[in-house]
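# Structure at a glance
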2 protein chains.
Amino acid sequence: MKLHPDLPIGVFDSGVGGLTVVRALLEELPAEQLIYLGDTARVPYGTRSPQTVIRYSRNAARFLLSRGVKMILVACNTASATALPVLLQELPTPVLGAVEPGAHAAVAATRSGTIGVIGTLATIRSGAYAAALAARRPDVKVAAVACPLFVPLVEEGWFGDEEPVADLVARRYLGELHRQAPDLDTLVLGCTHYPLLRRVLARVAADLWPHPVCLVDSAEAMARAARAELERLGLLRAVQKDPGRRRLVDRLRCFVTDEARVLDIGARFLGRDLGALETVDL
Amino acid sequence: MKLHPDLPIGVFDSGVGGLTVVRALLEELPAEQLIYLGDTARVPYGTRSPQTVIRYSRNAARFLLSRGVKMILVACNTASATALPVLLQELPTPVLGAVEPGAHAAVAATRSGTIGVIGTLATIRSGAYAAALAARRPDVKVAAVACPLFVPLVEEGWFGDEEPVADLVARRYLGELHRQAPDLDTLVLGCTHYPLLRRVLARVAADLWPHPVCLVDSAEAMARAARAELERLGLLRAVQKDPGRRRLVDRLRCFVTDEARVLDIGARFLGRDLGALETVDL
């Protein structure tokens, strides 16, 4: 398979949360075209077994390959934490997950050396963040708490600044993290849904910890890592001069496995309307 | 296909919530053997489109047929509300959903003639309960509110009596129902997960409405309907004299599409340990 800079980048996620990664990519890489696949007929991955997550991730990656992409970004933290070793071995394109870029940004941010990770059950159980953090800085201390209610809260739209349910749920999960690690100063948002809770999380963290806590958004870290990897491989696309190429409709093609709720929820993650959707069966 | 009283009853659900129906069936029908299928690799159905729910329900029903069942119970309210007409037309066995028995029990319970229904997004959007209630009592008034956070709350185990998050979430959803229908006196728990929130719901309802509100559990209504239908068809199994036949391991066989979290969460719904699980790919 011959890779070429003009080919699109493929991004997949269990649902629409990965659109936070698309949003960061559109800003970080203005010349690139993107193909997004959200496996919305089988979301969430975060509560499933590793075997099932690997099977679903293979299906998603093969679909993107069939569309002729030059790189695959695994936007879903659960799929990254669970299926990345298998995908790296099997796929003919470069593959980039969410965990390594997030761990890289967290190690750069911490001063106390204690880092918190929040994510889905599957992500936390995999231990992938703890391993990636320790590989970069062996003396790091890691505290990790699974937060299964955050995804449905965001999908219900209850993530606003004055949202009492989000506040109460965040106090419970972050309170557990505080008990485990009173000296943490960096918190990795290890799920694509969590950036939408950023303000609630920041407020609750400010109440719990006496010192500042840096929130690391793995979506932004992934976009920077994708740029670095494309440059390294000589696959970065040259900036287009034709301004027509910069319209969203020309830069992003969205596929989902189930259309229900995608247009309204997806817009929250992308920060603008998604435009056309195509439904596929994996 | 020749049906016989000694064949087992098949029950399917999107996940483990349908074990509340199994629990009711074990009590209501002590001589029957049950085969349960929980589609835990694709749960929840409640946020998906009708097309996807129909496709998944067909897969599940065909699996049960391949095991030689005499009747299929669609324990999942979402699948009942969406896919039952298709299943009734396609399957060679009797099929029973959750909506008709629940509507029957609600109409029998109401005095004011105003009934509330809570369920998943897909169940509420289908309008199936409103149609089934109106078919039984044309002058009934129906208020319906989707409660997407209840399922993840129950799966997280946050449904205890003193649970502040469950209380807050219930006040929000039932508060909306109270605004729509201040005179309702009957509330259908239109999802197999909701009976575990019964105490929280009862307390919140007692705070909101000045008169008593009857909570209708569709799992119990389904078990009674299954008995009536088996009797009508001459398919009720004779009571076994061998006491060994009454052990759970001889009466219930459980299949899931993903094992993650099933044993611990499933026990909450069944009210006892599940025993052995078999994993299948639909």
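Just so we're clear, the structure is a prediction, and the values are computed from it rather than from any experiment.

About the criteria used
Residues numbered from 1 in each chain as written. Chains lettered and ligands numbered in written order. Predicted model: local features only at pLDDT ≥ 70, side-chain atom pairs only at ≥ 80, totals over all residues. Heavy atoms only, no water. 1 Å grid on protein atoms, 1.4 Å probe; cavity = no way out; pocket = protein on both sides within 12 Å on 5 of 7 lines; lining within 4 Å. Points joined across faces, edges and corners; volume = space filled by probe spheres on them. Helix = DSSP H or I, 4+ residues; strand = E, 2+ residues; numbered from the N terminus. Nonpolar A, V, L, I, M, F, W, Y, C, P; charged D, E, K, R; others polar. Contact = heavy atoms within 4.5 Å. Buried area = accessible area lost by both parts, 1.4 Å probe. Salt bridge = Lys/Arg side-chain N within 4 Å of Asp/Glu carboxyl O. Polar contact = N/O pair within 3.5 Å; in protein donor to acceptor, adjacent residues only side chain to side chain. Pairing = 2+ DSSP bridges. Axes fitted to C-alpha atoms, helices over the stretch in contact; angles between N-to-C directions. Least-squares fit on C-alpha atoms with pLDDT ≥ 70 in both. Phe/Tyr/Trp six-rings, centres within 6.5 Å; stacked < 30°, edge-to-face > 60°. Buried < 20%, exposed > 50% of the residue type's maximum accessible area, 1.4 Å probe, protein only. Parallel < 35°, antiparallel > 145°, perpendicular 65-115°, else oblique. Left-handed = near helix turned anticlockwise from the far one by under 90°. pLDDT = per-residue confidence, 0-100.

### Concerning empty space enclosed by the protein
Under the criterion given, the structure shown has seven cavities of 30 Å³ or more. Its boundaries defined by the atoms lining it, the largest cavity holds a volume of some 650 Å³. Pro44(A), Pro152(A), Pro44(B), Val151(B) and Pro152(B) are the residues nearest the centre of the largest cavity, which is lined by 39 residues in total. At the level of elements, α7 (150-156) of chain A together with α3 (77-90), α5 (121-126) and α7 (150-156) of chain B are the ones that each hand at least two residues to the lining of the largest cavity. Tallied by class, residues from the lining of the largest cavity come to 19 nonpolar, 13 polar and seven charged.

### Section: the interface of chain B and chain A
The interface is formed by 31 residues belonging to chain B together with 31 residues belonging to chain A. For the chain B and chain A pair, buried surface summed over both sides reaches about 2,600 Å², with 55% attributable to carbon and sulfur atoms. On the chain B side of the contact with chain A, Leu149(B), Arg172(B) and Arg261(B) bury the most area, a combined 21% of that side's loss. If you look at where chain B meets chain A, you find four salt bridges. Taken together, the connections running from chain B to chain A amount to 16 residue pairs in polar contact (both at pLDDT 80 or more). Elements represented by at least two residues in the side of chain B that touches chain A include exactly α2 (50-66), α5, α7 and α8 (164-180) of chain B.

### Remarks on the sheet that holds strand β6 (residues 141-146) of chain A
All names here are of chain A. With parallel pairing, the four strands of this open sheet are ordered in space as β6-β5-β7-β8. Single-partner strands in this sheet number two, and they are β6 and β8 (214-217). Averaged over neighbouring strand pairs, the angle between their axes works out to 25 degrees when direction is ignored. In terms of strand pairing, strand β7 (residues 186-190) meets β8 through four bridges, oriented parallel. By the bridge assignment, Thr 186 is partnered in β8 with Cys 214. Strands in contact with helix α8 (residues 164-180) are β5 (114-119), β6 and β7; relative to β6, the strand with the most contacts, it is inclined by about 155 degrees. Most of the contacts of helix α9 (residues 198-208) go to β8, to which it runs at about 155 degrees, and overall it touches β5, β7 and β8.

### Overview of the relation of the copies chain B and chain A
Rotating chain B by 180 degrees and moving it 0.0 Å along the rotation axis overlays it on chain A with an RMSD of 0.0 Å. Taken together, the rotation and translation relating the two chain copies correspond to the operation of a two-fold axis. Taking C-alpha positions as the reference, the residue of chain B nearest the rotation axis is Arg42(B), at 2.5 Å.

### Quick notes on the sheet that holds strand β3 (residues 71-74) of chain B
Residue and element names in this part refer to chain B. Pairing is parallel in the open sheet, where six strands are placed in the order β4-β3-β1-β2-β9-β10. Of all strands in the sheet, those bounded by a partner on one side alone are β4 (95-96) and β10 (277-279). Here strand β1 (residues 9-13) runs beside strand β2 (residues 34-38); their pairing, made up of five bridges, is parallel. The residue of β2 that forms the bridge with Phe 12 is Leu 37.

### What to know about the packing of aromatic side chains
Enumeration according to the criterion identifies 10 aromatic pairs over all chains in this entry. When the ring of Phe150(A) is compared with that of Tyr173(A), the centres are 5.2 Å apart and the planes differ by 80 degrees; the resulting orientation is edge-to-face. Of this pair, Phe150(A) sits in helix α7 while Tyr173(A) is found in helix α8, placing the two residues 23 residues apart along the sequence. Both rings, one in Tyr173(A) and one in Trp158(B), keep their centres 5.2 Å apart while their planes meet at 35 degrees; by these two values the pair is tilted. Of this pair, Tyr173(A) sits in helix α8 while Trp158(B) sits in the loop between α7 and α8, each in a different chain.

### A short note on the environment of Leu196(B)
Residue and element names in this part refer to chain B. Inspection of the secondary structure assignment puts Leu 196 in the loop between β7 (186-190) and α9 (198-208). Residue Leu 196 is classed as buried on the basis of its relative accessible area of 16%. Leave out the neighbours within four places in its chain, and Leu 196 touches Thr 20, Val 154, Phe 159, Arg 268 and Phe 269.

### Considering the side chain of Lys70(A)
Positionally, Lys70(A) belongs in the loop between α2 (50-66) and β3 (71-74). Among the polar contacts listed, one links the side chain of Lys70(A) to the backbone oxygen of Leu235(A), at a separation of 2.8 Å.

### Here we look at unusual backbone geometry
Residue and element names in this part refer to chain A. For the peptide bond that leads from Val 43 to Pro 44, omega is 0 degrees, which places it in the cis range. Mapped onto the fold, Pro 44 is located in the loop between β2 (34-38) and α2. Even without being glycine, Arg 261 reaches a positive phi, approximately 65 degrees. You can see Arg 261 is positioned in the loop between β9 (252-256) and α12 (262-270). Given the relative accessible area of 13%, Arg 261 is considered buried.

### Things to note about the packing of helix α1 (residues 19-28) of chain B against helix α12 (residues 262-270) of chain B
Residue and element names in this part refer to chain B. The contact between α1 and α12 brings their axes to 7 Å, and the two run at 45 degrees. Judged on the interaxial angle alone, α12 and α1 are oblique. When the axes of α1 and α12 are compared, the crossing they make is right-handed. In this structure, α1 uses Leu 19, Thr 20, Val 22, Arg 23 and Leu 26 to contact α12, whose residues at the interface are Gly 266, Arg 268, Phe 269 and Leu 270.

### Topic: the confidence of the model for chain A
Mean pLDDT over chain A works out to 94, with 97% of the residues at or above the 70 mark. On the interface metric, ipTM, the complex scores 0.88, and its pTM is 0.91.

### A look at the packing of α1(B) against helix α10 (residues 218-233) of chain B
Residue and element names in this part refer to chain B. Across the interface, α1 lies against α10 with an axial gap of 8 Å and an inter-helix angle of 45 degrees. Overall, the two elements α1 and α10 adopt an arrangement that is oblique. When the axes of α1 and α10 are compared, the crossing they make is right-handed. Residue-level inspection shows Thr 20, Val 21, Ala 24, Leu 25 and Glu 28 of α1 in contact with α10, the latter providing Ala 219, Glu 220, Met 222, Ala 223, Arg 224, Ala 226 and Arg 227. Here the contact of α1 with α10 is built from residues that sort into seven nonpolar, one polar and four charged.

### A word on the side chain of Glu155(B)
On the secondary structure map, Glu155(B) appears in helix α7. Aside from chain neighbours lying at most four places away, what touches Glu155(B) is Val16(B), His193(B), Arg261(B), Ile265(B) and Arg268(B).

### What about the pairing of β9(A)?
All names here are of chain A. Extensive coverage of β9 is indicated by the burial of four of its five residues. Direction of pairing for β2 relative to β9: parallel, over a ladder of five bridges. What sits directly across from Leu 37, in β9, is Phe 255. Examined bridge by bridge, β9 and strand β10 (residues 277-279) share three bridges and lie parallel to one another. Looking at β10, one finds that Cys 254 is bridged to Leu 277.

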